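This is what each chain is made of:
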Amino acid sequence: MDDRQFRNAMGRFATGVTVIATEMDGDTHAMTANAFMSVSLDPKLVVISIGEKARILNKIKENRTFTVNILSADQQEMSMIFAGQIKEHREVEFGYLDGKPVIPGAIAQVACEVAAEHVEGDHTLFIGKVTDIHLEEKEPLVFFNGRYRALSEQ
Ligand code: FAD
């Protein structure tokens, strides 16, 4: 099986889009990610998966905190900025939740402390213990088959 077939198969799983953010020495670093899921209700745990080449990896390892920001339908540009799909630098204003940087206008902001990390192949899974949540009532951004989409009613 080649890499393209594996990527194509995984891309058939429609997801929301998140931006993971962390702060070190006063600098915020953020990255677009869709490898995110809820793990446990008691205690409240989530998991994210970060590639070994991502610059944010060592920052989360050192800082031990991160936020998951689930993007709204009107935040495709945020996703593109933090996936490196827009090359020129854009100034992004972050807000704060539980002392951690968050994306204003995200439909969910989830603040986490790293509870565990597991290296699996070329990615590191971070289990996050949820310390605070902020929600907004808007439609989500959707990612499917390598393209941004919007939800439609059945
Ligand atoms: P960098 O290259 O360091 O940063 C990415 C971009 O964000 C750069 O352009 C940088 O300038 C900008 N940036 C960072 N912080 C700031 C700031 N404070 N202000 C302004 N700009 C800033 N990769 C994974 O590992 N796991 C996933 O689950 C995952 N899911 C993805 C889902 C989607 C829909 C997409 C499009 C990509 C996904 N990726 C995922 C790939 C990942 O987003 C990119 O590979 C990313 O560029 C690598 O992160 P980095 O920390 O090395 O990025």
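Every chain's residues receive numbers from 1 upward, in the order its sequence appears when written. Only residues with pLDDT of 70 or above have their local features reported here, since the model is predicted, and side-chain atom pairs are shown and tallied only from 80 upward, although totals for entire chains, interfaces and linings are computed over all residues. The basis for every side-chain value is the complete set of non-hydrogen atoms in the structure, without hydrogens or water.

Asker: For this particular structure, what's the right way to read the sheet that holds strand β1 (residues 15-16)?
Answerer: Sheet strands pair by backbone hydrogen bonding; their relative direction is either parallel or antiparallel. Pairs of strands are assigned from DSSP output, requiring at least two bridges between the strands. Put simply, DSSP H or I for four residues or longer makes a helix, DSSP E for two residues or longer makes a strand, and each gets a number counted from the N terminus. In space, the three strands of this open sheet follow the order β1-β11-β12, with antiparallel pairing throughout. Only two strands of the sheet have a single neighbouring strand rather than two, namely β1 and β12 (147-150). Judged from the two bridges that link them, β1 and strand β11 (residues 141-144) form a sheet pairing that is antiparallel. Across the sheet, the residue bridging to Gly16 is Val142, located in β11.

Asker: Help me understand the site of the ligand, please; the structure alone is not making it clear to me.
Answerer: Around the ligand, the structure places 25 residues, and the nearest of them are Thr28, Thr32, Ser49, Gly51 and Arg55. Measuring from a nitrogen atom of the ligand, one finds a backbone N or O atom of Asn34 at 3.0 Å. Note on areas: Shrake-Rupley, 1.4 Å probe, and residue coverage restricted to the protein chains presented here. For the ligand, the accessible surface in isolation is 990 Å², of which the surrounding protein chains cover 76%. Sorting the residues of the shell around the ligand by element identifies β3 (27-33), β5 (45-51) and α3 (76-82) as the ones contributing at least two each. Summary of the distance rule: residues count as near a molecule or strand when at least one heavy atom falls within 4 Å of that molecule or strand. Counted as a polar contact is a pair of N or O atoms within 3.5 Å, where, for protein atoms, one must be capable of donating a hydrogen and the other of accepting one, and residues adjacent in sequence contribute only when both atoms are in side chains.

Asker: How do you make sense of the sheet that holds strand β2 (residues 18-24) when you look at a structure like this?
Answerer: Spatial strand order, β3-β2-β6-β9-β10-β5-β4: seven strands in an open sheet with antiparallel pairing. Edge positions in the sheet fall to β3 and β4 (36-40), since each of these pairs with one other strand and no more. With strand direction ignored, the average angle separating the axes of adjacent strands in the sheet is 35°. Bridge count for β4 against β5 is four bridges, and the pairing is antiparallel. Each residue of the ladder has a partner; that of Met37, found in β5, is Val47. Sheet strands in contact with helix α2 (residues 56-63) are β2, β3, β5, β6 (65-70), β9 (108-120) and β10 (123-135), and its direction is about 60° off that of β2. Fitted lines through C-alpha atoms give the axes, limited to the stretch in contact for helices. The angle between two N-to-C directions lies from 0 to 180 degrees. Contact criterion: two residues are considered in contact whenever any of their non-hydrogen atoms come within 4.5 Å of each other.

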